Amino acid sequence: AQSVAQPEDQVNVAEGNPLTVKCTYSVSGNPYLFWYVQYPNRGLQFLLKYITGDNLVKGSYGFEAEFNKSQTSFHLKKPSALVSDSALYFCAVRDPSGNFNKFYFGSGTKLNVKP
Amino acid sequence: KAGVTQTPRYLIKTRGQQVTLSCSPISGHRSVSWYQQTPGQGLQFLFEYFSETQRNKGNFPGRFSGRQFSNSRSEMNVSTLELGDSALYLCASSVGTGGPYEQYFGPGTRLTVT
C-alpha cells in the first residue's frame, strides 16, 4: 500500500533561519512526490514536485525539496524562513498503480515562524 | 486564468438529508478529484473524474457519489448525511491524469452536519 508520513506535527523556527519539514514515503514503483501548503480557510497550493532526475527540486516562494531514494524521503527546505511561511504543509505521493490521479497525503506539519 | 471554484463555501445540513457540492475546474483541465479533509483523518481521496468517467474511487461508502459534465465541471453528492460527514470537501483539478500532474485545489466547501 502507498503511504506518506510526516513525523512532525509542528515545526518552530525563527525568522531568517533555515527550515526543514520532513516527509517519508512508501510506494511500490517510482514515486511522483509533491509538496502543498495550506493557509487558514484556504485550499491547498502546489509548491513543487519530484518526477525524476535531479534530486534537488526547486519550487515556489524559495522552497526546495530533496529527494533521497535510499532513505525514501522528500524533505522540504528553505534557506531563510519568513513569518509569512507560517502555514500547514502537506507532502503527497501519487499512487503509481494505475492510470489515474489518486494521491496519498501526509498528516500535515504546522510550520510556525517566529519574528 | 481563474482558479478552481467551489460552491457553496459553507453548508449546514441535518442528519439524514442529502447535499450536492459543485466544482468548476481551471479552464482546460479535464481531471477533477475530490477529497475530504477532517482533523482526525486528514486528507482522504474520494474519487477522480476524467472526461466524464470515474477513474478511481477511495474507501468511502456508496452514499458518496459524483459525476462530471462535458465541460469538466463536477458535482459530488452525499446522501443520508451522518454527523461524521462534517468536513471540508476539497476539489482539485489537473490538466491530465495518470501522470506527474500537479493538482490545483479550490477553497473547499465546509459542510456541517447537525
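The structure we're discussing is the one just above.
The model shown is predicted, which means the values in this text are computed figures rather than measured ones.

K.L.:
Whenever I open this one, the pairing of strand S11 (residues 109-113) of chain B confuses me. Can you help?
P.N.:
Regular strands place their side chains on alternate faces of the sheet. Residues and elements named next belong to chain B. In S11, alternate side chains face the same way, and those of Thr 109, Leu 111 and Val 113 are buried while those of Arg 110 and Thr 112 on the opposite face are not. Relative to S11, strand S2 (residues 10-13) runs parallel, the two sharing 4 bridges. Looking across to S11, one finds that Leu 11 is bridged to Leu 111. Pairing of strand S9 (residues 87-94) with S11, which is carried by 3 bridges, proceeds in the antiparallel orientation. Directly across from Ala 87, in S11, lies its bridge partner Leu 111.

K.L.:
What is the right way to read the interface of chain B and chain A from this model?
P.N.:
Listed as interface residues are 26 residues of chain B and, on the opposing side, 20 residues of chain A. Across the chain B to chain A interface the summed buried area is about 1900 Å²; carbon plus sulfur atoms make up 52%. Ranking the residues of chain B by area buried against chain A places B:Leu43, B:Pro100 and B:Phe105 at the top, with a combined share of 27%. Linking chain B with chain A are 1 salt bridge. Between A:Lys49 and B:Glu102 there is a salt bridge; the shortest N-O distance is 2.6 Å. Going through the elements one at a time, strand S4 (31-38), strand S5 (42-50), strand S6 (53-57), S9 and strand S10 (104-105) of chain B are the ones with two or more residues in the side of chain B that touches chain A. Examining the composition of the side of chain B that touches chain A, we find that 4 residues originate from one element, S4(B), more than from any other. Split into classes, the residues belonging to the side of chain B that touches chain A amount to 10 nonpolar, 11 polar and 5 charged.

Each value, and the rule that gives it
Once a new chain begins, its residue numbering starts again from 1 and follows that chain's sequence as written. Written order determines the labels here, with chains lettered from A and ligands numbered from 1. Restriction of local features to residues with pLDDT of at least 70 applies here, the model being predicted, together with a cutoff of 80 or more for giving and counting side-chain atom pairs; totals for whole chains, interfaces and linings are based on all residues. Hydrogens and water are ignored here; the side-chain numbers use all heavy atoms of the structure. In this scheme, a residue with accessible area under 20% of its type's maximum is buried, one over 50% is exposed, and one in between is partly exposed, where area comes from a 1.4 Å probe on protein chains only. Elements are defined by DSSP. Helices are runs of H or I of four residues or more, strands are runs of E of two residues or more, and each kind is numbered from the N terminus. Two strands qualify as a pair provided DSSP detects at least 2 bridges between them. Any pair of residues with heavy atoms lying within 4.5 Å of one another is described as a contacting pair. A simple way to read buried area is as the amount of 1.4 Å-probe accessible surface that goes missing from two parts once joined, with both sides added. Here, a salt bridge means any Lys or Arg side-chain nitrogen found within 4 Å of an Asp or Glu carboxyl oxygen. The nonpolar class holds Ala, Val, Leu, Ile, Met, Phe, Trp, Tyr, Cys and Pro. Asp, Glu, Lys and Arg form the charged class, and all remaining residues, Gly among them, are polar.

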